[in-house]
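Secondary and tertiary structure notes
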Amino acid sequence: MADLDRIQKFYIAYYGRPADTVGLDYWANTLDNVLGGDETEMVKNFGSSDQPEYQGLFGTNSIADFVKPVYQNLFNRDVEVDGLNYWLGVYNDAIVEGQDPNLIRANMVAFIMDGAQGDDATSVANKLVVAKAFTDSLDTADEIAAYSDVENTAGQSAARALLKTVDSDEDSVTAATGNIDSTLDEVVDGATGNTGTTFTLKVGEDVLTGTEADDTFNGPIVQGNAETPLNTLESLDMLDGSG
């Protein structure tokens, strides 16, 4: 039987977010019924070219640009120089041997994750607690559909930001768990296009009316003709947030 906690950890490592229920069920079923329990075969697909989220986060970046986010996702810290050089060596040696790059990355992530000690191990454990709580909180059709939508990058980013607040401090688990409901609201808003419109003020009178969504009004400081800073948010501006 597939280890759901372990699949969650790979979501954290690769994507920096909790698993969605559809994805978690899919990979558990695939691992048990298609791959014969071969975890490495499953994980190498997390970073394959047909995974839109992976391509969106990593694209064709170098292996260094892969390892660095993995450390941040798991441990909330930068990889040390010696550690980065070690993993670069592991990757390059395996490439010379003709191994599949997706497979190499999968093995690397497993070793990084399983080799965690001290605060790093605690950070992974704490992130897992919050990730599981988040996934378990996906209990409405709207939430499940929104968080499973691969095009809902705003929702994914919201979940990623939540998990980023969790580290080796137990208080971070309490705080993040308390913010799950509000994060789910962001996830649903992201899928329904309720993220709103961004309005940028200009010098002079602005009369702007927002939408029913969560709009943003930006009032930047700009340079005038005499290189004098000018505030675009002025007393004559009329800003209606509408919703």
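Residues numbered from 1 in each chain as written. Predicted model: local features only at pLDDT ≥ 70, side-chain atom pairs only at ≥ 80, totals over all residues. Heavy atoms only, no water.

1. A few points about helix 8 (residues 118-136)
- An ideal rise of 1.5 Å per residue puts 27 Å on 19 residues; helix 8 measures up with 27 Å between its terminal C-alpha atoms.
- Among all positions of helix 8, only Asp120, Ser123, Val124, Asn126, Lys127, Leu128, Val130, Ala131, Phe134 and Thr135 are buried. (Helix = DSSP H or I, 4+ residues; strand = E, 2+ residues; numbered from the N terminus. Expected span 1.5 Å × (residues − 1). Buried < 20%, exposed > 50% of the residue type's maximum accessible area, 1.4 Å probe, protein only.)

2. Quick look at helix 11 (residues 170-178)
- Residues of helix 11 that are buried: Ser172, Val173 and Ala176. Mapping the buried residues of helix 11 onto a view down its axis gives an arc of 105°, with all of them on the same face. The exposed residues of helix 11 that point more than 90 degrees off its buried face are Glu170, Asp171, Thr174 and Gly178.
- The inward-facing, buried residues of helix 11 contact helix 8, helix 10 (153-164) and helix 12 (180-191).
- The opening residue of helix 11, the one whose side-chain oxygen lies 2.9 Å from the backbone nitrogen of aspartate 171, is aspartate 169. (Arc of directions from axis to C-beta. Contact = heavy atoms within 4.5 Å. Polar contact = N/O pair within 3.5 Å; in protein donor to acceptor, adjacent residues only side chain to side chain.)

3. Brief notes about the packing of aromatic side chains
- Summed over all chains, the structure comprises 16 aromatic pairs.
- Between tyrosine 11 and tyrosine 15, the aromatic rings sit 5.6 Å apart at their centres with planes inclined by 70°, giving edge-to-face as the arrangement. Within this pair, tyrosine 11 and its partner tyrosine 15 are both found in helix 1 (residues 4-15), separated by four residues, close to a single helical turn. Taken individually, tyrosine 11 and tyrosine 15 each receive the classification buried, so the pair is uniform in this respect.
- Grouping aromatic residues by their ring pairs yields a cluster made of Phe10, Tyr11, Tyr14, Tyr15, Tyr26, Trp27, Phe46, Tyr54, Phe58 and Phe66.
- Sitting over the ring of tyrosine 147, arginine 17 keeps its end group 5.0 Å from the ring centre.
- It is arginine 105 that lies over the ring of phenylalanine 66; its NZ or CZ is 5.8 Å from the centre. (Phe/Tyr/Trp six-rings, centres within 6.5 Å; stacked < 30°, edge-to-face > 60°. Lys NZ or Arg CZ within 6 Å of the ring centre and 35° of its normal.)

4. Looking at the packing of helix 1 against helix 2 (residues 21-33)
- Interhelical geometry of helix 1 versus helix 2 gives an angle of 120° and a closest axis separation of 10 Å. With respect to helix 2, the element helix 1 is oriented oblique. The chirality of how helix 1 crosses helix 2 is right-handed. In contact with Leu4, Ile7, Gln8 and Tyr11 of helix 1, helix 2 contributes Gly23, Leu24, Trp27 and Ala28. (Axes fitted to C-alpha atoms, helices over the stretch in contact; angles between N-to-C directions. Parallel < 35°, antiparallel > 145°, perpendicular 65-115°, else oblique. Left-handed = near helix turned anticlockwise from the far one by under 90°.)

5. So, the side chain of aspartate 20
- Note on placement: aspartate 20 falls in the loop between helix 1 and helix 2.
- Using a relative accessible area of 6% as the deciding quantity, one classes aspartate 20 as buried.
- Only 2.6 Å separates the side chain of aspartate 20 from the backbone nitrogen of glycine 23, close enough to count as a polar contact.

6. Some remarks on the confidence of the model for the protein
- On average, the protein scores 88 in pLDDT, and the residues at 70 or more come to 85%.
- Least confident of the elements in the protein is strand 4 (residues 221-223), whose mean pLDDT is 57; most confident is helix 8, at 98. (pLDDT = per-residue confidence, 0-100.)

7. As for the packing of helix 10 against helix 12
- Running from N to C, helix 10 and helix 12 point in directions that differ by 160°, and their axes come no closer than 7 Å. In terms of orientation, helix 10 and helix 12 fall into the roughly antiparallel class. Note on packing geometry: the crossing formed by helix 10 with helix 12 is right-handed. Each of Ala154, Gly155, Ala158, Ala159 and Leu162 in helix 10 lies in contact with helix 12, whose residues at this interface are Ile180, Thr183, Glu186, Val187 and Gly190.

8. Remarks on the side chain of arginine 6
- Looking at where arginine 6 falls in the secondary structure, it is placed in helix 1.
- At 2.4 Å, the side chain of arginine 6 forms a polar contact with the side chain of glutamate 39.
- There is a polar contact of 2.7 Å between the side chain of arginine 6 and the side chain of aspartate 114.
- Excluding anything up to four places from it in sequence, arginine 6 contacts Glu39, Ala110, Met113 and Asp114.

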